[in-house]
Amino acid sequence: MNFDLGAEGEAFRAEVAAFLDEHLAPDVRDRVRRSGSMHDWDLHRALAARGWLAAGWPVEYGGQGRSPLELMAMREELKKRHAPTEGMGMTVLVARTLLAAGSERMRTEIVPRAINGEILICLGYTEPQGGSDVAAARTRAERDGDGWVINGQKVFTTLAEEAHYVFLLTRTSTEGAKHRGLTMFLVPMDTPGIEIHPIATLGGERTNTVHYTDVRVSDDARVGEVGGGWNVLMTALTYERSGVGDDSRLLTTIVEAAGTPGPDGTAAIGDPAVRESLARLATEVEVAKLLGRRSCWIEATGGLPTVEGSMHKLFSAESRVRFSTVLVDLLGPRGLREVGDPRAVAGGAFAEEFRHAVILPVWGGSSEVQRRIIAERGLGLPRSS
C-alpha cells in the first residue's frame, strides 16, 4: 500500500508552500505571538482569495473540488509551517455543519461569507462546571414569543474577540437524558448582553470566558431541531478532530539541536539513549501523520471520521506531550529559553512547544473523551457511567 500523496498532491503542496513563503512572513508570527490570537486576518483573507478555505468542498457548495490527496497536502503544509489558521479551522468546520444541519438562510447567506473570508465563527461549547462533558451544559435558551432568550456562561471560547458569530450550545429542556435537551444556535457576537473576558493560557494563546445575559435571538438563529443539538454537535466535533498533524519540521529541528555541541563541547546525539528517543519520536510522527491522513480521507470522500478522528486526536496529542518531555530531557534549561533570548535554542521554538503541548490532551476534547469514543463507538464496548 502506497501512502504517498502522489504527483497531484505534491504539486499542490508546492503551491501552498510558495504561497506561505509570500504571506507567512516573520512579522505575522510576531503579531500572533504578541496577541496570543492564533489568527491573522491578512493571511486568512489571502487564503480565502485563493479559494482554499473550502478547497476540498464540492464546487456546487463554493469549494474547488480538490482531491483528498491535495487536501491532505495543504493541511500538512499549513501545520508544518505553524500557520495561524485556528480561525480558519473553526469557521470552516461550523460552515460544513451548517450545510448539513443549518437553515436555508444559513446555507445561502452565512456559509458563503464564511468561506470567502469575510467572517469568523467561534465555538461556544465548554462551561466552567462541565469541562469536557459538554452534555452537562447549563446555559439556558428559553422561548420568548417567536424568539429565544439565552443566559449562561462559556469558557475557552477561543477567538471570541475576533469572531462575528458563536456556534452556541444551549439547554432548552431538563426533561429526560441530559443530551436530549440541547439545542444549537448561531448567535451574532454583537448581540446585546454578550460580554467577553480574556484568559491567558500556559501555551501562550489567548482564549476567553463569555457571559450571556438576556441575549435575545430570533428562531432563525437555531441550528437544527429543538432538542436536536446533540446530533448537530457530534457532526461538528467530528470535523474538529479530523485534522492532519505533522511534526516533521519540529523533529528535524530537534535532531539538529541534538547534533549541536553544548557548552562542554559535546553533542547530545552521541548518546545512544538520545538516539533511541529520537527514533521513537520519528516513529510517532509518522504514525500521527498516517492517522491524520486516514481521517482526512474519510472526511474528504463524504464520510464522518468519528472514531478515526478521535484516534488521530488522542495519539497526536499524547505524542506531543511525549515530544516535549524528550525536549526537556535532551536540552535541559537551554531548551526553555523563550523567543527573544539570543541564547535560546532554535529561536525559542522548543520553549513554545513545551508550553503548548501541555494543553493538547484537553483542547478539542480530552484524551479521556477520545478513549471513550474509541471504546464505545469503535469497539462496541458498553457505555461508561
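Please read these numbers as outputs of a predicted model, since none were measured by experiment.

### Topic: the packing of aromatic side chains
Tallying each qualifying case throughout the model produces 4 aromatic pairs. Ring geometry for F19 versus W52: centroids 5.1 Å apart, planes at 65 degrees, classification edge-to-face. Residue F19 is found in helix α1 (residues 6–23), and its partner W52 is found in the loop between α3 (41–49) and α4 (68–80); the two are separated by 33 residues along the sequence. A ring pair is formed by Y125 and F167, whose centres lie 6.4 Å apart and whose planes are at 65 degrees; its orientation type is edge-to-face.

### Comments concerning the environment of V210
Inspection of the secondary structure assignment puts V210 in strand β7 (residues 206–218). Take V210: its relative accessible area is 0%, and that puts it in the buried class. With 54 residues separating them in the primary sequence, V210 and F156 have C-alpha atoms 8.4 Å apart. Excluding residues that lie within four positions of it along the chain, V210 makes contacts with G152, Q153, K154, T157, A160, I194, E195 and I196.

### Things to note about the UniProt feature "domain: Acyl-CoA dehydrogenase/oxidase N-terminal" (unreviewed entry) in the protein
The sites that UniProt annotates as "domain: Acyl-CoA dehydrogenase/oxidase N-terminal" (unreviewed entry) are residues 8–118. As a span, residues 8–118 carries 68% helix and 0% strand, and end to end its C-alpha atoms are 29 Å apart.

### A look at the pattern of salt bridges
The final tally for this structure, using the stated rule, is 28 salt bridges. A salt bridge links R81 to E77, with the shortest nitrogen-to-oxygen separation between them at 3.3 Å. Under the relative-accessibility criterion, R81 is labelled buried at 10%. The exposure class of E77 is buried, given its relative accessible area of 3%. Residues participating in the shared-partner salt-bridge network are E10, R13, D21, E76, E77, K80, R81 and R293.

### A few points about the environment of V321
By the element assignment, V321 lies in helix α10 (residues 306–331). Counting along the chain gives 34 residues from V321 to R355, while the straight-line C-alpha distance between them is 9.7 Å. When residues no more than four places from it in sequence are discounted, the contact partners of V321 are A357 and P361.

### Observations regarding the nonpolar core
Residues M74, Y125, F167 and L186 are the most contacted members of the largest nonpolar core, which totals 55 residues. Among the elements that take part in this core, helix α5 (residues 86–101) stands out by supplying 7 residues, more than any other. One finds C122, A163, L168 and V215 within the second-largest nonpolar core, a separate group that totals 19 residues.

### What to know about helix α8 (residues 248–258)
Listed as buried for α8 are L250, L251, I254, A257 and A258. Relative to the axis of α8, the buried residues are bounded by an arc of 125 degrees and lie together on one face.

Parameters at a glance
Residues numbered from 1 in each chain as written. Predicted model: local features only at pLDDT ≥ 70, side-chain atom pairs only at ≥ 80, totals over all residues. Heavy atoms only, no water. Phe/Tyr/Trp six-rings, centres within 6.5 Å; stacked < 30°, edge-to-face > 60°. Helix = DSSP H or I, 4+ residues; strand = E, 2+ residues; numbered from the N terminus. Buried < 20%, exposed > 50% of the residue type's maximum accessible area, 1.4 Å probe, protein only. Contact = heavy atoms within 4.5 Å. UniProt positions renumbered as here; feature names shortened; annotations may be inferred. Salt bridge = Lys/Arg side-chain N within 4 Å of Asp/Glu carboxyl O. Core = buried A, V, L, I, M, F, W, Y, C linked by side-chain atoms within 4.5 Å. Arc of directions from axis to C-beta.

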